[in-house]
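Survey of secondary and tertiary structure
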Amino acid sequence: MALLEWTDKMSVGIDTIDADHKKLLSLVNELHSVVRKKESPDTVGRVLRDLMAYADYHFEAEEQLLRLIRYPDLDRHKEIHGKLKDQVAALEERYRDDPKKGSVRMFDFLSDWLMRHILGEDMKYKALLLEKLGKNAQK
Ligand SMILES: [Fe+2]
Ligand SMILES: [Fe+2]
């Protein structure tokens, strides 16, 4: 799987959220790099924990923003965020059992999930976000 690259079509129209998404992309790429270099399970585990800590922070910030703009589909969006945490916990367990297979699977899953989530789910709130926040959000 190729490294993830940011493109303008991934922008949700607000700098802070775009910056979070870029950071998440770079953490997934870092995971790819430590897996490829066959770093120790401890190192891979550390990158995964960093990634999930940042994802936690981002989900919280994004949900707060969606609450602020009264996004009608917030509950469903929160559910999707919550489900990822469970899925990653399961993947991490599998990784502990079999680091070699588990780490590749983890990277494939996370890169696919992140791209699909930003381009699919996050993009759904873009129009409302821009409408509620007005021109300030479009800089
Ligand atoms: Fe999201
Ligand atoms: Fe997001």
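Now for a quick tour of the structure.

About the thresholds
Each chain has its residues counted from 1, following the order in which its sequence is written. As they are written, the chains are lettered A onward and the ligands numbered 1 onward, keeping that order. In view of the model being predicted, local features appear only for residues whose pLDDT reaches at least 70, and side-chain atom pairs are presented and counted only at 80 or more, with totals across whole chains, interfaces and linings using the full set of residues. Only hydrogens and water are removed before side-chain values are computed, so all heavy atoms of the structure are retained for them. A helix here means a DSSP run of H or I that spans at least four residues, while a strand means a run of E at least two residues long, and both kinds are numbered starting from the N terminus. Relative accessible area decides the class of each residue, using a 1.4 Å probe on protein chains only: under 20% of the type maximum gives buried, over 50% gives exposed, and in between gives partly exposed. In this listing, donors mean N, O and S atoms no farther than 2.8 Å from the metal, or 3.2 Å for Na, K and Ca; water is missing from the atoms, so a site can look incomplete. Only two sets of limits are used to name each site, 85 to 135 degrees for every angle of a tetrahedral four-donor site, and over 155 degrees for opposite donors with all other angles from 65 to 115 for a square planar four-donor or octahedral six-donor site, with any other site named irregular.

So, unusual backbone geometry
Negative phi values dominate among residues other than glycine, just as trans dominates among peptide bonds. One non-glycine residue, K38, lies in the positive phi region at around 55 degrees. When you line up the elements, K38 lands in the loop between α1 (15-36) and α2 (41-68). The phi dihedral of R70 is positive, around 55 degrees, even though this residue is not glycine. With respect to the helices and strands, R70 occurs in the loop between α2 and α3 (74-97). When its relative accessible area of 69% is taken as the criterion, R70 is described as exposed.

Let's talk about the coordination of the iron ion (ligand 2)
Six octahedral donors at a metal ideally form angles of 90 or 180 degrees, and four tetrahedral donors ideally form angles of 109.5 degrees. Ligation of the iron ion (ligand 2) by protein atoms is provided by H21 (NE2), H58 (NE2), E62 (OE) and D122 (OD), these donors lying 2.1 to 2.2 Å from the ion. For the iron ion (ligand 2), the four donor atoms in the first shell make angles of 81 to 168 degrees at the metal, so the coordination geometry reads as irregular. Coordination of the iron ion (ligand 2) draws on donor residues from a single chain, spaced H-x36-H-x3-E-x59-D in sequence. Separating the iron ion (ligand 2) and the iron ion (ligand 1) is a distance of 3.4 Å, and E62 donates to both of them. Linking H21 in helix α1 with E62 in helix α2, this pair joins segments that are 41 residues apart in sequence. E62 matches H21 in its accessibility class, with the two residues each being buried.

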